[in-house]
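Residue-level structural notes
As a plain string of letters, each chain reads:
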Amino acid sequence: MHPDESSINILSIESSCDDTSAAVVQNGTPLSNIVFSQKIHEQYGGIVPEVASRDHLVKIVPVVEKALAEAAVDFDQLHAIAFTRGPGLLGSLIVGTSFAKGLALSLDIPLIEVNHMQAHILAHFAEKPHPEFPFLCLTVSGGHTQIVLVSDYLAFELIGQTLDDAAGEAFDKSGKILGLGYPAGPKIDKIAQKGHAVFTFPEPQIAHLDFSFSGVKTAILYFIQDQIKKDPTFIQKNLENLCASIQHIIVKILINKFRKAIQQTSVKHIAIAGGVSANSSLRAAFTDLGKEMNCTVHIPKFEYCTDNAAMIGVAGYYKYLRKQFASHNIKPLARYAL
Ligand code: KG4
Ligand code: ZN
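All values reported here derive from a predicted model rather than from experimental measurement.

Calculation notes
Residues numbered from 1 in each chain as written. Chains lettered and ligands numbered in written order. Predicted model: local features only at pLDDT ≥ 70, side-chain atom pairs only at ≥ 80, totals over all residues. Heavy atoms only, no water. Helix = DSSP H or I, 4+ residues; strand = E, 2+ residues; numbered from the N terminus. Rg over C-alpha atoms; globule rule 2.2 N^0.38 Å. Buried < 20%, exposed > 50% of the residue type's maximum accessible area, 1.4 Å probe, protein only. Contact = heavy atoms within 4.5 Å. Areas by Shrake-Rupley, 256 points an atom, 1.4 Å probe, with all protein chains shown as cover. Phe/Tyr/Trp six-rings, centres within 6.5 Å; stacked < 30°, edge-to-face > 60°. Lys NZ or Arg CZ within 6 Å of the ring centre and 35° of its normal. Core = buried A, V, L, I, M, F, W, Y, C linked by side-chain atoms within 4.5 Å.

Here we come to the overall build of the chain. The number of helices and strands found in the chain is 9 helices and 10 strands. Whereas a compact globule of 338 residues would reach a radius of gyration of roughly 20 Å, the chain reaches 20 Å, a difference of no more than 12%. Dimensions of the chain, computed from C-alpha atoms along their principal axes, come out at roughly 70 × 45 × 30 Å. Here the chain holds 338 residues, and the buried ones make up 53% of them. Pairs at least 24 apart in sequence give 73% of the contacts found in the chain among residues at least 6 apart. Accessible surface, the chain: about 14700 Å² in total, of which carbon and sulfur atoms supply 54%.

So, about the packing of aromatic side chains. Inspection of every chain in the model, using the stated rule, returns 15 aromatic pairs. The rings of Phe125, Phe133, Phe135, Tyr153, Tyr317 and Tyr318 are connected pair by pair, giving a single aromatic cluster. The side chain of Arg85 reaches across the aromatic face of Tyr336, ending 5.5 Å from its centre. Across from the ring centre of Phe302, 4.1 Å away, lies the NZ or CZ of Arg283, which sits over that ring.

A separate point is the nonpolar core. In terms of nonpolar packing, the biggest core is built from 46 residues, with Leu136, Leu138, Leu254 and Phe258 touching the most fellow members. Those elements giving two or more residues to this core turn out to be β6 (135–140), β7 (145–152), α4 (167–177), α5 (185–192), α6 (214–230), α7 (234–265), β9 (269–273) and α8 (280–292). Contacts of Leu254, omitting those with residues within four sequence positions, involve Leu138, Val140, Thr145, Ala167, Phe211, Phe213 and Leu282.

What follows is the structure in structure tokens.
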């Protein structure tokens, strides 16, 4: 069957880190979004790149088959293959890139390369209402913390970013100190709901619209080490309040800096993206900030916050409309600027 030109079907692949994901996106709207999260890294306390890329190899075919089946779309109904080119772990990116190239070549359809951080932002167009341009996006993930001024589907201006650790790393590394395992972000979120932010940590004073989280992480580490010297059971006794306090300072840093960005740009539409935007306290604080600053707030559904291929397909669709296709010589990029 020849593809129906009135609807554009894009198969998208995401393999930048430890999630193997495939989606079918029709006219910019996801029909399926299959994510296989590699649990194997939990035992190592962090992602082991070599293990991640091997696991992508095992999972990519079944994940793609499931995405097509759930969308009820066949290979011959696809118009393009979109894939994550970077940033991410090179070994992981190579699996998705090679798979996408091979499939695009065999189906004789265009290949579209997507920047993972742009895709986190464009995830907002997976559902309606779409944000209006220009909007200001706080992108918070395991590897990035950025404030981005978005003036069009494919026009992004980075106006602030972390100088050291990302917000997700601040959650994960603090959680490691508490013995919570990897990734600790979702666990801190859950445990914090039963506690209160009774322990205070200093907010770093960083110039411009940039962030820093390494000082906070060190302050948390030293505080806990001191307390453990006095009482070895300090963490067990105070886990709920510790999680609430850690979450409180990370959210406070993000919200206070983002408020400055709204003031400086006078933009009236705000959005949040990336894995850490799944955090319940950050979502609530972001909604409150929108009310305080009289802005329209956009917060994606949970499945579009953490790594997923639907966002790659949405970004791919807007590149497809502008015929921004990739050559088959293209290589993945571990570092890929916005
Ligand atoms: O965007 P993402 O899935 O992958 C990257 O591109 O990095 O983000 C993963 C990060 C991890 O650091 C994880 O701990 C954090 O997002 N995360 C959370 C929550 N869910 C995921 N952090 C805090 N609260 C959550 N509920
Ligand atoms: Zn991500």
